[in-house]
Amino acid sequence: MNAALPPLVGDGPDAPMSDCVLSSRVRLARNLIGFNFVNRSTHDQLSDIVHHVQSARLGGPFEAGTRWVNVQATAAVDRQMLFERNLISRPFVEATHPRCVAISGDESTSVMVNEEDHLRLQMLAPGMQLRALCDRMTALDVSIERTIEYAFHPRFGYLTACTTNLGTGIRVSAMLHLPALALVQELERVQRSAKELHLAIRGFHGEGTEALGDFYQVSNQTTLGRSERDIVEEFAGSILPQFVEYERAARRVLVERDPAALDDRVHRALGILRTCRLLSLEEAIKFLSRLRLGVALHRVEGIELALVNRLLLEVQPAHLSRAAGSPLGNGRDDRAARAEFVRGALR
Amino acid sequence: MERPCDCCPNPAVVHETLVHNGLKSEIHLCAEHAAERGYILPTVAGPALIAGKLLEKAAQSAPRAAKSCPNCAMTMAALRESGLLGCPHCYRHFEEELGGLVERTQEGATAHTGRHPAQSARLIDRAAARNRLARELREAVSREEYERAARLRDEMLALGADVDGGGSGSGQP
């Protein structure tokens, strides 16, 4: 029997800007003094790093309970589960070297040990909560540093394996839902302006993934030369509200220009989700995205944003496999199980 | 008067004033402790320094791939291929070569202006306390106040100092 999963990040309908922002994330890249970086360490050295970090007191959200997962010894379906819940990265799922992850009791925080850097600290929250996340992250970083000494250089700041993370090591990002901008064909312009603002735009699961269902992860690209506070302030105070305002304006255009077409699109999606018998992951996300737009615009009765957010997660292979109580994925056809699951949830 | 290193009684050769969040702090380090903290120092002085520079230039005109990190043996060629450095020492060893790469990947930024580890501030505090004790110890010995000297010595040991040698620095490998 599977243990109950904690409440989901991205499940908060009352979170700020939750109509357009699924979740916020802050991550720090840190390395330990006295060890080679991960790419230049032997198997034994990587094991030493794992032991070193596991013996440290992390503090912060980990005080209320910490789950250490030895990822090297974890089954593929469970690694996939951690990935779907945004607790570990895709390369961390697929690596074969000694590595582990610490997960806080509330799943808001995780520390990957031996990803590209020795430590990747990350915090997630629903909606737009970057400033609060950043404050909590700083407190955690200071707490960890009481027992672990970081590699730091007076000129280059916190030292990282790749120069793209150098300095602050901070990456702030938000998962945006931009279906109206896609419908009014303004997405290309948004992507261009993001590039001009030195932002990275990625797909549903971050680096190297496709933009399924018009979900885009936007993040800062440079980490050196500005303080953490300046990076977060620019992103949370100026850039992100502009994206959200642009999407909201496009939504108003859709409602005003052709409300029947909008309602048709939303309710057709709901109809398919409620009646289908075979549902691929790509289709599920596509139709859930359309439904999410309708729910956010109050065009659908009786369905909460939280439910749609939860389904976006639970239609993914490992979650589905867990819900069905049988091994799915790995090339097996899970479309029937997904259709049944979604029909049940939206009945 | 020569200023001693923050971590040991040796004369400081690196002097840096840091202003962080409006708070000013000074760092004074001897050659050994400066190298340990990642400061780049000329290894020789005077005319030898000039000769060293010339040698360095000659070394640079040789194939760059031959240069490797003394700690992890990473070469610039391997670094360019993977995009990853091998260890913290690489940043010191390849600082010159990395300057351009860092600027390119960081949209022109060349230096960190964000948070510093609180640990380094604490280490500097501890080093300052050790220096004060070392001075008092020298005075006590010169005045033949051996009981006081023994007590100061114990206090220094408690702070992690190497009383007979030049100080233990950061205390980490």
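The structure this text deals with has already been given above.
S.K.: What is the right way to look at the interface of chain B and chain A in this model?
M.R.: Often, the extent of an interface is quoted as the loss of accessible area on bringing the components together. The interface is formed by 30 residues belonging to chain B together with 33 residues belonging to chain A. Taken together, the elements giving at least two residues each to the side of chain B that touches chain A come down to helix 4 (88-93), helix 5 (95-105) and helix 6 (118-142) of chain B. When residues in the side of chain B that touches chain A are grouped by element, the largest group, 4 residues, is from helix 5 of chain B. Grouping the amino acids of the side of chain B that touches chain A by side-chain chemistry returns 16 nonpolar, 12 polar and 2 charged.

S.K.: Explanation requested: the environment of A:Arg290 in the structure shown.
M.R.: Residue and element names in this part refer to chain A. The topology assignment puts Arg290 in helix 9 (residues 281-296). Classification of Arg290 by C-beta neighbours within 10 Å gives buried; the count is 23. Here the alpha-carbon distance between Arg290 and His319, two residues 29 residues apart in the chain, equals 21 Å. With residues up to four places along the chain from it excluded, the contact list for Arg290 reads Pro179, Arg265, Val266 and Ala269.

S.K.: Explanation requested: the nonpolar core in the structure shown.
M.R.: A general trend in soluble globular proteins is that nonpolar side chains are found buried together. Among the nonpolar cores identified, the biggest contains 109 residues, and A:Val21, A:Val101, A:Val113, A:Leu130 and A:Leu176 are the most heavily contacted of them. The element that contributes the greatest number of residues to this core is helix 7 (residues 228-257) of chain A, accounting for 9 residues. Those residues in contact with A:Leu130, other than ones at most four positions away along the chain, are A:Ser24, A:Val26, A:Val172, A:Val232, A:Phe235 and A:Ala236. Ranked by size, the runner-up nonpolar core spans 8 residues in total, among them B:Cys8, B:Ile27, B:Leu29 and B:Cys30.

Analysis parameters
Residues numbered from 1 in each chain as written. Chains lettered and ligands numbered in written order. Predicted model: local features only at pLDDT ≥ 70, side-chain atom pairs only at ≥ 80, totals over all residues. Contact = placed C-beta atoms within 7 Å. Helix = DSSP H or I, 4+ residues; strand = E, 2+ residues; numbered from the N terminus. Nonpolar A, V, L, I, M, F, W, Y, C, P; charged D, E, K, R; others polar. Buried ≥ 20, exposed ≤ 12 C-beta atoms within 10 Å, placed from the backbone. Core = buried A, V, L, I, M, F, W, Y, C linked by C-beta atoms within 7 Å.

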